[in-house]
Amino acid sequence: MNKVILMGRLTRDPEVRYSQGASQTAVARFSVAVDRRFKRDGEPDADFFNCTCFGKQAEFVERYLHKGTKIVLSGRVQNDNYTNKEGQMVYSVRIMVDEIEFAESKNASGGDGGYNNSYNNGGFAGGGNAPAASGAGDGFMNIPDGIDEELPFN
């Protein structure tokens, strides 16, 4: 079994390219910084993982994710080894993403409207582009006084 689940922040804006040919496919590449649970003096505080996704999922990444966005992803580890110009073998891995979800609201990350979206290869899940709660932080939106006649229910 080859399955990995990561939670972290994008280290830079995703790079999205489209394949050539009759059916252009989006390919998104991005890097995620994942904090280490236990930190020792002199060691890094985080690990950095290169990630790739394709198709509609890559378009989702291009549209909604940017540097600093906190996400949760699941996928698989794939070898990304190559031989450099000096003829030396360079060993690395890449995370091939199967599912992505936001790990915090847009308000929590400094934006102006909350998202509770996720994207997997099947489509969107979650609350859509609902505005974030204003006020108590209980997940509900305050409805202004006098708007009762505009609501489709009473």
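Computed from a predicted structure; not experimentally measured.

Draft legend 1. Layout of the environment of Asp45. Counting through the fold element by element, Asp45 comes out in the loop between strand E3 (26-35) and strand E4 (46-54). You can call Asp45 partly exposed: its relative accessible area is 45%. Separated by 10 residues in sequence, Asp45 and Asp35 have C-alpha atoms that sit 5.9 Å apart. The residues touching Asp45, leaving out its near neighbours within four places in the chain, are Val34, Asp35, Arg36 and Lys39.

Draft legend 2. Representation of the side chain of Arg94 within the structure. Relative to the helices and strands, Arg94 resides in strand E8 (residues 93-102). Accessibility expressed as a relative area gives 15% for Arg94, which makes it buried. There is a polar contact of 3.0 Å between the side chain of Arg94 and the side chain of Thr52. In contact with Arg94, other than residues within four places in its own chain, are Arg29, Asn50, Cys51, Thr52, Arg76, Val77, Gln78 and Asp80.

Draft legend 3. A look at the state of the cysteines. Per the stated rule, a full pass over the model turns up 0 disulfides. Lacking any disulfide linkage, Cys51 is separated from the closest cysteine sulfur, that of Cys53, by 8.5 Å. Assessed through its relative accessible area of 0%, Cys53 is described here as buried.

Draft legend 4. Examining the confidence of the model for the protein more closely. Confidence in the prediction for the protein averages 80 pLDDT; 70% of positions are at 70 or higher. Scored below 50 in pLDDT, residues 112-117 shows 28 contacts in the model against residues more than four places distant or in partner chains. Confidence drops under a pLDDT of 50 for residues 122-136, and excluding neighbours within four residues, the segment shows 30 contacts in the predicted structure.

Draft legend 5. A look at the pairing of E3. Of all 10 residues in E3, 8 are buried; the element is thus mostly enclosed. Two strands pair when backbone bridges link them, and strand E2 (residues 15-18) and E3 are joined in this way by 4 bridges, in the antiparallel orientation. Across the sheet, Tyr18 pairs through a bridge with Ala26, a residue of E3. Sheet analysis places E3 next to E4, joined by 9 bridges and oriented antiparallel. Within the sheet, the bridge partner assigned to Ala33 lies in E4 and is Phe48.

Draft legend 6. Here's a closer look at the side chain of Ser74. Within the secondary structure, Ser74 is located in strand E5 (residues 70-79). By relative accessible area, Ser74 is classed as buried at 7%. Leave out the neighbours within four places in its chain, and Ser74 touches Lys3, Val4, Ile5, Val97, Asp98 and Glu99.

Draft legend 7. Examining the environment of Pro14 more closely. Relative to the helices and strands, Pro14 is located in the loop between strand E1 (4-10) and E2. Judged by relative accessible area, Pro14 falls into the buried class, the value being 17%. With 48 residues separating them in the primary sequence, Pro14 and Glu62 have C-alpha atoms 6.4 Å apart. Dropping the residues within four chain positions of it, Pro14 is found in contact with Arg29, Phe30, Val61, Leu65 and His66.

Draft legend 8. Spotlight on the packing of aromatic side chains. Summed over the entire model, instances satisfying the criterion amount to 2 aromatic pairs. When the centroid spacing of 5.9 Å and the interplanar angle of 65 degrees are considered together, the rings of Phe60 and Phe102 count as edge-to-face. Here Phe60, found in helix H1 (residues 55-64), pairs with Phe102, found in strand E8; they are 42 residues apart in sequence, far enough to count as distant. An aromatic cluster is present here, built from Phe60, Tyr64 and Phe102 joined pairwise through their rings.

Basis of the calculations
- Residues numbered from 1 in each chain as written.
- Predicted model: local features only at pLDDT ≥ 70, side-chain atom pairs only at ≥ 80, totals over all residues.
- Heavy atoms only, no water.
- Helix = DSSP H or I, 4+ residues; strand = E, 2+ residues; numbered from the N terminus.
- Buried < 20%, exposed > 50% of the residue type's maximum accessible area, 1.4 Å probe, protein only.
- Contact = heavy atoms within 4.5 Å.
- Polar contact = N/O pair within 3.5 Å; in protein donor to acceptor, adjacent residues only side chain to side chain.
- Disulfide = S-S within 2.5 Å.
- pLDDT = per-residue confidence, 0-100.
- Pairing = 2+ DSSP bridges.
- Phe/Tyr/Trp six-rings, centres within 6.5 Å; stacked < 30°, edge-to-face > 60°.

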